Amino acid sequence: MTNSPEPGAGTEPGTGTEPGTEPAGPPTGGAPLTHGLQTRHLTMMGLGSAIGAGLFLGSGVGIATAGPAVLVSYAIAGALVVLVMRMLAEMAAALPASGSFSVYAETALGRWAGFLLGWLYWFMLIMVLGVEITGVAEIVHGWWPGVPQWAAAAVVVAVFGAINLVGVRHFGEAEFWFALIKVAAIVGFLVVGVLVVVGVVPVEGSVLGHWDEHGGFAPAGWAGIAAGLLTVVFAFGGIEIVTIAAAEARDPATAVVRATRTILWRILAFYIGSVAIMVALIPWDDADDLASPFVTVLQMAGFDGAARLMEVVVVIALLSAFNANIYGTSRMLFSLAGRGDAPAAAARVSRRGVPAVAVWVSVAFGVVAVLLNWLLPETLLAILLNAVGAVLLVVWVLVAVSQLRLRPRLEAAARERGEPMALRAWGYPWLTWTVLAALAALVVLMLSDDAARAQLVATAGVVAVILAAYLVRRRVRARRGRGTTGRDAPRDVPA
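What counts and how
- Residues numbered from 1 in each chain as written.
- Predicted model: local features only at pLDDT ≥ 70, side-chain atom pairs only at ≥ 80, totals over all residues.
- Heavy atoms only, no water.
- Helix = DSSP H or I, 4+ residues; strand = E, 2+ residues; numbered from the N terminus.
- Buried < 20%, exposed > 50% of the residue type's maximum accessible area, 1.4 Å probe, protein only.
- Areas by Shrake-Rupley, 256 points an atom, 1.4 Å probe, with all protein chains shown as cover.
- Polar contact = N/O pair within 3.5 Å; in protein donor to acceptor, adjacent residues only side chain to side chain.
- Core = buried A, V, L, I, M, F, W, Y, C linked by side-chain atoms within 4.5 Å.
- Contact = heavy atoms within 4.5 Å.
- Phe/Tyr/Trp six-rings, centres within 6.5 Å; stacked < 30°, edge-to-face > 60°.
- Lys NZ or Arg CZ within 6 Å of the ring centre and 35° of its normal.
- Axes fitted to C-alpha atoms, helices over the stretch in contact; angles between N-to-C directions.
- Parallel < 35°, antiparallel > 145°, perpendicular 65-115°, else oblique.
- Nonpolar A, V, L, I, M, F, W, Y, C, P; charged D, E, K, R; others polar.
- Left-handed = near helix turned anticlockwise from the far one by under 90°.
- Salt bridge = Lys/Arg side-chain N within 4 Å of Asp/Glu carboxyl O.
- 1 Å grid on protein atoms, 1.4 Å probe; cavity = no way out; pocket = protein on both sides within 12 Å on 5 of 7 lines; lining within 4 Å.
- Points joined across faces, edges and corners; volume = space filled by probe spheres on them.
- Expected span 1.5 Å × (residues − 1).
- Patch = residues over 30% accessible without salt bridge, like charges linked within 9 Å, V, L, I, M, F, W, Y side chains within 5 Å.

**Q** What is the right way to read the overall build of the chain from this model?
**A** Of regular secondary structure, the chain possesses 18 helices and 0 strands. By the burial criterion, 54% of the 495 residues in the chain qualify as buried. On the chain, roughly 19500 Å² of surface is accessible, and the fraction owed to carbon and sulfur atoms is 66%.

Spelled out as structure tokens, the structure:
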């Protein structure tokens, strides 16, 4: 492959450097990232990232909002995420890069888009790190009241910081087994739930066949389905880490194709299957039972230790997400540094092929979360959740726009090589435009809801701050006559 300039990005005024020019050598500081991940790692990583505490703890909120019709909300949200991920996988299969959608946005739209998505996603994952560590600490403190929350959080940070520092293969193995446990828990729940629904395990209190006594399938009508959509649409977030990790797979193009072809449908089956069982057995207006719907169903089936079992599963889900997000933040920061958009030290790679400085930065923010946990143990979770806002919405929009711009170039590059594209998104370009229209409708829907509108405004504020930082950085570099390195930019895509 040749070192060709990045398409569409152009030359920044005042820098004299094409932002897509990638040097032949590795990033500053030593060896390049290793390729220690296998397809099974990516597949289970994608499954595990989407099956998180949001499903185990948050599904009851959606049911209480829309009633059984929340299944429609999940189907709409799931279809939207499937299409976005297919677009992202198309680009990742052709142009594997540790910065994933940040690199693709930069390639398609220019430096500002890559800078925005890279730092926006990094900010979101850093905030989520605090949420996850707080959740684990609260549950552990409940098990052993003598262990302070900050101590439990400190152990988590130390252990998973070490896992991410010893090598990507160890990270991949840890995520594989974490995800396998979560998938096994979901499959077990589905088996038990089906046995209850079909009557093999007789239970009392089921509402199956009696929805009319509780307002029918859609007690709140289409308004309830729309409100339910707002509560579930971001539950699928996390699966995008597959395209970040693809750059460190042994055969990136093949791995991302195989991983994404089946992951999405399995996730939809897990989510919709689990929620279908819940709405078949639990009245949608029973707030107490919906507080822990998984536990409620298992207790109905006679599992007395269901509450403690689900607490263990939730802790595993949170630990898995924490591990994955340390990886995600470190790789995104590494990518930003490789393109000159973050301190150069973050692009340094250890002898194990790990961007050690970038990992240490993630660990440092984990330590900050521990300190905040100690200072604000009761309020930290709510603060961090509000801070995340609707970042994924911005990511999805720019992924769709990037795919619109890049698809013709990817096809042209494939023709030049005499090979077909490894993966194609469906229905280009009309389905991509449909997704963008659906995302615009989602924004309108969010503006009609007080809580969602506040998140949207918060995210808009963060976007404005990042873009302002980009403009300041651009002017400073223009005055100094400095260019950008573009180490993580994809290559061989014709303009």
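**Q** Please explain the environment of Ala89 as it appears in this structure.
**A** Mapped onto the elements, Ala89 comes out in helix H3 (residues 70-94). Between the C-alpha atom of Ala89 and that of Ala422, which follows or precedes it by 333 residues, the distance is 9.6 Å.

**Q** Sorry, what's going on with the side chain of Ser335 here?
**A** By secondary structure assignment, the location of Ser335 is in helix H13 (residues 306-338). A distance of 3.5 Å separates the side chain of Ser335 from the backbone nitrogen of Gly99, its partner in a polar contact.

**Q** Can you walk me through the nonpolar core in this structure?
**A** What tends to happen in soluble globular proteins is that the nonpolar side chains get buried as a cluster. Among the nonpolar cores identified, the biggest contains 160 residues, and Leu42, Phe56 and Phe101 are the most heavily contacted of them. The element best represented in this core is helix H5 (residues 111-143), accounting for 18 residues.

**Q** I'm lost on the side chain of His41 in this one. Help?
**A** With respect to the helices and strands, His41 occurs in helix H1 (residues 39-50). Within polar-contact distance, the side chain of His41 engages the side chain of Arg40 at 3.5 Å. For His41, the side chain forms a polar contact with the side chain of Glu173, separated by 2.8 Å. Excluding its chain neighbours within four sequence positions, the residues that come into contact with His41 are Gly36, Gly172, Glu173 and Phe176.

**Q** Got a minute to help me understand the packing of aromatic side chains in this structure?
**A** The description of two aromatic rings rests on the distance between their centres and on the angle between their planes. A complete count under the given rule lists 12 aromatic pairs for this structure. Relative to Tyr271, the ring of Tyr74 lies with its centre 5.9 Å away and its plane at 40°, an arrangement referred to as tilted. Here Tyr271 lies in helix H10 (residues 252-281) and Tyr74 lies in helix H3, a separation of 197 residues in the sequence. Take Tyr74: its relative accessible area is 2%, and that puts it in the buried class. For Tyr271, a relative accessible area of 0% corresponds to the buried category. With 5.7 Å between their ring centres and 85° between their planes, Trp143 and Trp144 make a pair best called edge-to-face. Taken together, the ring pairs in this structure connect Phe115, Trp119, Trp122, Phe365 and Tyr470 into an aromatic cluster. Between the NZ or CZ atom of Arg40 and the centre of the ring of Phe176, over which it lies, the distance is 4.7 Å.

**Q** Help me out: how do you make sense of the packing of helix H6 (residues 149-166) against helix H7 (residues 168-197) in this one?
**A** When two helices pack together, you describe them by how their axes are tilted relative to each other and by the distance separating the axes. Where H6 contacts H7, the axes come no closer than 7 Å and their chain directions differ by 130°. Between H6 and H7, the angle falls in the class oblique. Here Phe160, Ile163, Asn164 and Val166 of H6 come into contact with H7, specifically with His170, Phe171, Ala174 and Phe178. Residues of the contact of H6 with H7, tallied by class, amount to 6 nonpolar, 2 polar and no charged.

**Q** How should the packing of helix H16 (residues 391-417) against helix H17 (residues 430-447) be read in this particular structure?
**A** Taken N-terminus to C-terminus, the directions of H16 and H17 make an angle of 160°; their axes are 10 Å apart at the nearest point. Classified by the angle their axes make, H16 and H17 are roughly antiparallel. Two packed elements cross with a definite hand, and for H16 against H17 that hand is left-handed. Residue-level inspection shows Leu393, Trp396, Val397, Ala400, Val401, Gln403 and Leu404 of H16 in contact with H17, the latter providing Thr432, Trp433, Leu436, Leu439, Leu442, Val443 and Met446. Partitioned by chemical class, the residues of the contact of H16 with H17 number 12 nonpolar, 2 polar and no charged.

**Q** Even after reading the chapter, I still don't get the pattern of salt bridges, so can you show me in this structure?
**A** Working definition: two side chains of opposite charge can pair if their charged atoms are close together. Enumeration over the complete set of coordinates arrives at 12 salt bridges. Residues Glu90 and Arg407 are paired through a salt bridge, measuring 2.9 Å at the closest nitrogen-oxygen approach. Remark: Arg407 occurs in helix H16 and Glu90 occurs in helix H3; sequence separation between them is 317 residues. Since its relative accessible area comes to 1%, Glu90 is described here as buried. By relative accessible area, Arg407 is classed as buried at 5%. Between Glu106 and Arg339 there is a salt bridge, and its shortest N-O distance comes to 2.8 Å. Of this pair, Glu106 sits in helix H4 (residues 101-109) while Arg339 sits in the loop between H13 and helix H14 (356-375), placing them 233 residues apart in sequence.

**Q** Help me understand unusual backbone geometry, please; the structure alone is not making it clear to me.
**A** When glycine is set aside, most residues are seen to have a negative phi, and most peptide bonds are trans. Note that the residue after Tyr428, namely Pro429, is joined by a cis bond; omega there is -5°. Its identity is not glycine, yet Ser100 carries a phi of approximately 45°, on the positive side.

**Q** Teacher, can you tell me more about empty space enclosed by the protein here?
**A** Rolling a probe over the atoms, with the probe sized like a water molecule, indicates the empty space that remains. The full count for this structure, using the stated rule, is 3 cavities of 30 Å³ or more. By volume, the largest cavity amounts to about 50 Å³. Along the walls of the largest cavity sit Ala50, Gly78, Val81, Val82, Phe236, Ile239, Leu264, Ile267 and Leu268, which together make up its complete lining. Listed by contribution, the elements that provide at least two residues to the lining of the largest cavity are H3 and H10. In terms of residue class, the lining of the largest cavity is built from 8 nonpolar, 1 polar and no charged.

**Q** Hey, could you run me through H7 in this one?
**A** Taking 1.5 Å per residue, 30 residues should reach 44 Å; H7 reaches 42 Å between its end C-alpha atoms and fits that length. Positive backbone phi, at 95°, marks Gly199, one or two positions downstream of H7.

**Q** Help me out: how do you make sense of a nonpolar patch on the surface in this one?
**A** Among the surface-exposed residues, Val187, Val191, Val194, Leu195, Val198 and Val200 lie close enough to one another that they form a single nonpolar patch of about 480 Å² accessible area. Residue class for Val200 comes out exposed when judged on its relative accessible area of 56%.

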